[in-house]
Amino acid sequence: MAGVGHALLVIALAVALYGIGASLHGARSGRRAWVDSGRRAVYALAGVLTLAFALLEAAFLRSDFSFQVVASHSSTTTPAFYKATAIWSSQEGSLLLWVWLLSLWSSLVLFLARRAVREIAPYATAVLLGFATFFLGLLVFMENPFATLAVAPAEGVGLNPLLRHPAMMFHPPALYSGYTLFSIPFAFAVGALVANRLNAEWIHATRRFALAAWLFLGVGIVLGARWSYTELGWGGYWAWDPVENASLMPWLTGTAFIHSIMIQEKRGMLKTWNASLILATGTLAILGTFLVRSGILDSIHAFGASTLGVPFLILIATMVVGSIGLVLWRRDALRSEHRLDSLLSREAAFILQNVLLVAMCFVIFWGTFFPLISEAVTGSKSSVGPPWFDRYTTPVAFAIVALTGIGPLIPWRRATVRNLRRNLAVPLAAAAVALVALALVPGVLDEPKAWAFAGIVAFVVAGVAQELWRGTRARRVMAQEPAPMALVSLIRRNRRRYGGYIVHAGFAVLLLGVAISSSFERSKDVSMQPGDRTSIAGYDVRYVRATTRTGSEKIVFGAVLEVRKDGRHVATLTTTRGFYPSQDPSLGIVGRFFNGEAESEVGLRAGLGRDIWVVVAPDLLPLQRIIEEGDRTFAAAMRSVARDGADVDGEALQQLFALRDQAIAGVARRWVTRPWPADFRLIVSPMATWIWIGAIITLAGGAIALWPAPAGGRRKVTAAYAARLARDLARSSREAADVA
Amino acid sequence: MDPSRKRRIRLVVALTAAVLLSSALVYTSFSAGSDEKTAGQLLDSAVPGETYTLAGTVEPGSVRRADGVLWFRIMDPNRPGVSARVRYTGLVPDPFREGRGVMVKVQRSGAGSALFIAEKDSMVTKCPSKFQVAPEELERRQADPDGLPPDRRAAA
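Note that this is a predicted model, so its numbers are computed, not measured. (Residues numbered from 1 in each chain as written. Chains lettered and ligands numbered in written order. Predicted model: local features only at pLDDT ≥ 70, side-chain atom pairs only at ≥ 80, totals over all residues.)

### A closer look at the domain arrangement of chain A
Argument step 1. Assigned domains of chain A: these are domain 1 (1-164), domain 2 (417-520) and domain 3 (522-687).
Argument step 2. Each partner contributes to the interface: domain 1 of chain A provides six residues, whereas domain 3 of chain A provides six residues. (Domains from an automatic or database assignment. Contact = placed C-beta atoms within 7 Å.)

### Observations regarding unusual backbone geometry
Residues and elements named next belong to chain A.
Argument step 1. A positive phi angle, close to 55°, is found at Gln 480, a residue other than glycine.
Argument step 2. Residue placement: Gln 480 occurs in the loop between α15 (448-479) and α16 (483-493).
Argument step 3. Residue Gln 480 is classed as exposed on the basis of its 9 C-beta neighbours within 10 Å.
Argument step 4. Although it is not a glycine, Met 687 sits at a positive phi angle of roughly 60°.
Argument step 5. Here Met 687 is to be found in the loop between β10 (678-686) and α20 (689-706). (Helix = DSSP H or I, 4+ residues; strand = E, 2+ residues; numbered from the N terminus. Buried ≥ 20, exposed ≤ 12 C-beta atoms within 10 Å, placed from the backbone.)

### Considerations on the nonpolar core
Argument step 1. If you look at the biggest cluster of nonpolar residues, it comprises 192 residues, and the most contacted ones within it are Ala 12 and Val 457 of chain A.
Argument step 2. The residues that make up this core include at least three from each of domain 1 (1-164) and domain 2 (417-520) of chain A.
Argument step 3. Counting 61 residues, the second-largest nonpolar core is a separate cluster that includes Trp 613 and Ala 617 of chain A together with Ile 74 and Ala 118 of chain B. (Core = buried A, V, L, I, M, F, W, Y, C linked by C-beta atoms within 7 Å.)

### Topic: the sheet that holds strand β7 (residues 598-601) of chain A
All names here are of chain A.
Argument step 1. Strand order in the open sheet made by the five strands is β3-β4-β5-β6-β7, with antiparallel pairing throughout. Every interior strand has two partners, whereas the edge strands, β3 (533-536) and β7, have only one. Across this sheet, the average inter-strand angle for adjacent strands is 25°, counted without regard to direction.
Argument step 2. The sheet contact formed by β3 and strand β4 (residues 539-550) spans four bridges and is antiparallel. Bridge assignment links Thr 534 to a residue of β4, and that residue is Val 541.
Argument step 3. The sheet strands contacting helix α19 (residues 650-673) are β4 and β5 (555-565), and the helix crosses β4 at an angle near 170°. (Pairing = 2+ DSSP bridges. Axes fitted to C-alpha atoms, helices over the stretch in contact; angles between N-to-C directions.)

### Quick word on the sheet that holds strand β2 (residues 522-528) of chain A
Residues and elements named next belong to chain A.
Argument step 1. What the four strands build is an open sheet, ordered β2-β10-β9-β8; its pairing is antiparallel. Each having just a single partner strand, β2 and β8 (603-605) make up the two edges of the open sheet. Pairs of neighbouring strands in the sheet enclose a mean axial angle of 15°, with direction left out of account.

Here you go:
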């Protein structure tokens, strides 16, 4: 089967190359048949890659260890859920996932736009297939996912324990969907520049894909944050790690893009900016994949595979140089049709928001690549930590959130004092009330930044509520609908607008959760034995008892803690640390079960007011002596079994292993029967849950904006679009007449 | 005022602001950045009181824990046999183990001392998505199937 898989990849590569040729020839010669054939090559590519992906997935599900990638990333004891996801824990599998998702999204956009953007589509097809060719080239020539082993091992290595989390099913595919979806507006922007069709047509064809990319990338980022909060045992959700930053950068520029294209659609402005922004976003998405996969910023680590660095750098350099070249080449056609009328207008708010988002992206880019920059400048590798990132990103985030509140409240073109007063009075009053009320809460003024930020969030949420209320009221009068019905139909008929407002409110709530939880968080490291007590932020915490479990996959040491406040029971928390057996024989027959990879399960009581978070770090050193004794005993017994005959007695060996399992369980039970002090980290984090609530509201708003409008609404949009197109055409013909 | 002149002034103001802000960014990153050093470099030239980022692999067999303090040695990737002893407190990320690459912020405990005191909670290990299985591990699997734990053998 591996041979079939590899053959499918070779076929896919050939199909992609054919598609590029057919599309470009069709575009140059004007022959539609070739263009259609190029588009169908994308459909064929999606079909072939679906087969290849299914083939590899099947090998994982049936634990076929003759596939090298299966043997090194899965095992028979890996639960089926994780067998299915292990495919993208490997370098080869994740590259295959990338190109497969790209082929699916490309097919979708080309199918939907098959009767529109006729001049642009063939070039966009060639660009999308160019990406596919690059990744297929890597898969065929460098990282073959269908490589086989001469002798299939009896058992695989298993999925890295740290990757065993429900988010493993959704986090990587969501991120990769985000990255690949951003390549679609990128490709159409390149197409528009090459074909010199620089009106809003290409934006209209791909706007929804940019929004989908933004949404998927957002889902991926949030799932990753949640994962590290509940699993990795350090109590944080964001660490400014290069891999995290890699996903945030295209998300920021993508956010800027989905706002600034509105100005191009409505007023024909910012054409150069929009083209540059999406070209940068597409490049950053590839850079994200590169950072995750190349290990360039982690070269001190022994586990990174950095063989892909050079091809990726060539691709990124091509994208950067090509993008700059294209924008310079078409700079005349990219001139704005209008000028900014006033600094007090929605356009100006959008432009400022765009500048801030791009500035934030630049800060993160600089900090992420600083080790490479400093090495190039000073010869010594230097890195900046979270405080450096926080220093710059916090004020920018303040300003961005304030603009999410102001933007929807000021009109296009020019605001007057009267409409500013009408629109801003309620949100400003809400902010003032919130600030005064919070100032009365003891301790809040100790953190003035968080306090001020809460005022901004009140302003944003009140602004969104005011807009929804006004719209609902108008609809009630017009359509004679009851209020809840009017609200639903208001949002249904203006999904993009109100979905966007909901995103604004959700994002403000999310950042409020970040501001409050990080400012008022209390944490404590403490060593306790069962029966011991400690206190943190007004809570009494008692270590009730130790627990242990010896399973086929891992040995688990746990602790049950009771949390009380003012004598009342608040929560019972269970936290564990699981040790997966190491395969390193030098660690000893018993010792290898206690010295392998470990993963923490956090004890978490989440609440709207605060999260109580606890993790245990059991110290296994007191077991070391008995483990070493076990190693010696069983090594001697193993030698005697092996000496007894020429053929090792399988039954005796099984009995010996059964005895060893009992011994291991006995050793682990000492954690419960003769407990010794264990280290705990306790965190009380106010309003941390609002991060996740805010994220859900944000993503729900994004999904509302993405959902196709009902038939009536679509007609309206189409009519507005047709009017714009007519204006564009009239302008082009005027220009042509002028030239003539 | 002439609109084109007004636009030019706006552009100059915006560019000046951008240049000033970027200079601040560049300056603070160079002054706040902590140098990544290997164990050998720190043993040779680290000054007590200065903070450095020590990067390298945790020496197998060197990890000890006592009274909430973690002791280990970090090997120099370029100079075999050279390693620095580290005293670490605070949270240890799950991926930490012997033989794994880590980064930790340290200060030398005294002039000429081979002991480095780590800043609390400063340890960084690699994102689990990047761990790859070493090829030797697979070779070992093929050569020594009996080295597997019994439950895995039974399942296989």
